[in-house]
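# Observations on chain architecture
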Amino acid sequence: MWIQKTIHLNARKRGFHLITDEIEQQIHDIGSLSVGLLHLFIQHTSASLTLNENADPTVRGDMESHFNKFVPERAPYYRHTYEGDDDMPAHIKASTLGTSVTVPITNGRLALGTWQGIYLGEHRDCGGSRTVIATIQGE
């Protein structure tokens, strides 16, 4: 079985946001699968998807702090600056972290580790709503 759905995420402030529950609420089809894969792809160049700590929110804050230091705004060598100081760093962060994640499905549930969750990395100050394509395959 193959299913593809478009998931719309509400606009969020800049940072890392745990979106596992929001994704699971919009993909009811996994409940009928004994084995499969969920592939999530974000259709944006200034936001990312990644997996990380789902329990302690300080991890998300530390991720944001690290990436802001690692990829600073207003670097003198940036040429793509006409969309704001946060735009070029957002592109670099999105490319570094990636635009997709794949999660196994086992017995109708996402087979995430105990402390794993799906993160949306919002790398713009005002990124707006985001669109994720969810592709489910399994039996």
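Computed from a predicted model, the values in this text were never measured in an experiment.

### Let's talk about the side chain of Asp-87
Residue placement: Asp-87 occurs in helix 3 (residues 87-97). We classify Asp-87 as buried; its relative accessible area is 1%. Setting aside its immediate chain neighbours within four residues, Asp-87 contacts His-80 and Arg-124.

### Focus: helix 3
Every buried residue of helix 3 is listed here: Asp-87, Pro-89, Ala-90, His-91, Lys-93, Ala-94 and Leu-97. Contact partners of the buried residues in helix 3: strand 2 (15-18), strand 4 (47-53) and helix 2 (57-70). Looking one or two residues beyond helix 3, the residue adopting positive phi is Gly-98, at roughly 110°.

### Structural notes on the pattern of salt bridges
One pass over the full model with this rule turns up 10 salt bridges. Residue Glu-22 is joined to Arg-12 by a salt bridge in which the shortest nitrogen-to-oxygen separation is 2.3 Å. Of this pair, Glu-22 sits in helix 1 (residues 20-26) while Arg-12 sits in the loop between strand 1 (2-9) and strand 2, and the two are 10 residues apart along the sequence. Here Arg-14 and Asp-125 are joined by a salt bridge, their closest N and O atoms 3.1 Å apart. With Arg-14 in the loop between strand 1 and strand 2 and Asp-125 in the loop between strand 7 (116-122) and strand 8 (130-138), the pair connects residues that are 111 residues apart, well separated along the chain. Judged by its relative accessible area of 44%, Asp-125 is partly exposed. Each of Arg-14, Glu-64, Glu-73, Arg-74, Asp-85 and Asp-125 takes part in a single network of salt bridges with overlapping partners.

### Looking at the environment of Gly-84
Looking at where Gly-84 falls in the secondary structure, it is placed in the loop between helix 2 and helix 3. For the pair Gly-84 and Glu-73, spaced 11 residues apart in the sequence, the C-alpha separation amounts to 9.3 Å.

### Brief notes about the nonpolar core
Looking at soluble globular proteins, one finds that nonpolar side chains tend to be buried together. Core analysis: the largest hydrophobic core is formed by 22 residues, its most contacted members being Ile-27, Leu-38, Leu-40 and Ile-136. Elements represented by at least two residues in this core include exactly strand 1, strand 3 (35-42), strand 4, strand 5 (100-106), strand 7 and strand 8. If near-sequence neighbours (up to four positions away) are discounted, Ile-136 is found in contact with Met-1, Trp-2, Ile-3, Ile-27, Asp-29, Ile-30, Leu-33, Leu-37, Leu-38 and Ile-105. Membership of the second largest hydrophobic core comes to 5 residues, among which are Phe-16, Met-63, Phe-67 and Tyr-119.

### Digging into the sheet that holds strand 4
Strands pair in a sheet through their backbones, by hydrogen bonds, and they do so in one of two ways: parallel or antiparallel. Strand order in the open sheet formed by 3 strands is 2-7-4, and the pairing between neighbours is antiparallel. Both outer strands of the open sheet, strand 2 and strand 4, are each paired with one neighbouring strand and no more. Going from strand to strand, the sheet's axes swing by 35° on average, the running direction of each strand aside. For strand 4 and strand 7, the ladder comprises 7 bridges, and the chain directions are antiparallel. Looking at the pairing, Leu-49 lines up with Leu-120 of strand 7. Here helix 2 sits on the sheet in contact with strand 2, strand 4 and strand 7, set at roughly 150° to strand 2. Each of strand 2 and strand 4 touches helix 3; the most contacted strand, strand 4, lies at about 50° to it.

Cut-offs and rules
Residues numbered from 1 in each chain as written. Predicted model: local features only at pLDDT ≥ 70, side-chain atom pairs only at ≥ 80, totals over all residues. Heavy atoms only, no water. Helix = DSSP H or I, 4+ residues; strand = E, 2+ residues; numbered from the N terminus. Buried < 20%, exposed > 50% of the residue type's maximum accessible area, 1.4 Å probe, protein only. Contact = heavy atoms within 4.5 Å. Salt bridge = Lys/Arg side-chain N within 4 Å of Asp/Glu carboxyl O. Core = buried A, V, L, I, M, F, W, Y, C linked by side-chain atoms within 4.5 Å. Pairing = 2+ DSSP bridges. Axes fitted to C-alpha atoms, helices over the stretch in contact; angles between N-to-C directions.

Purely spatial values, then, with no claim about function.
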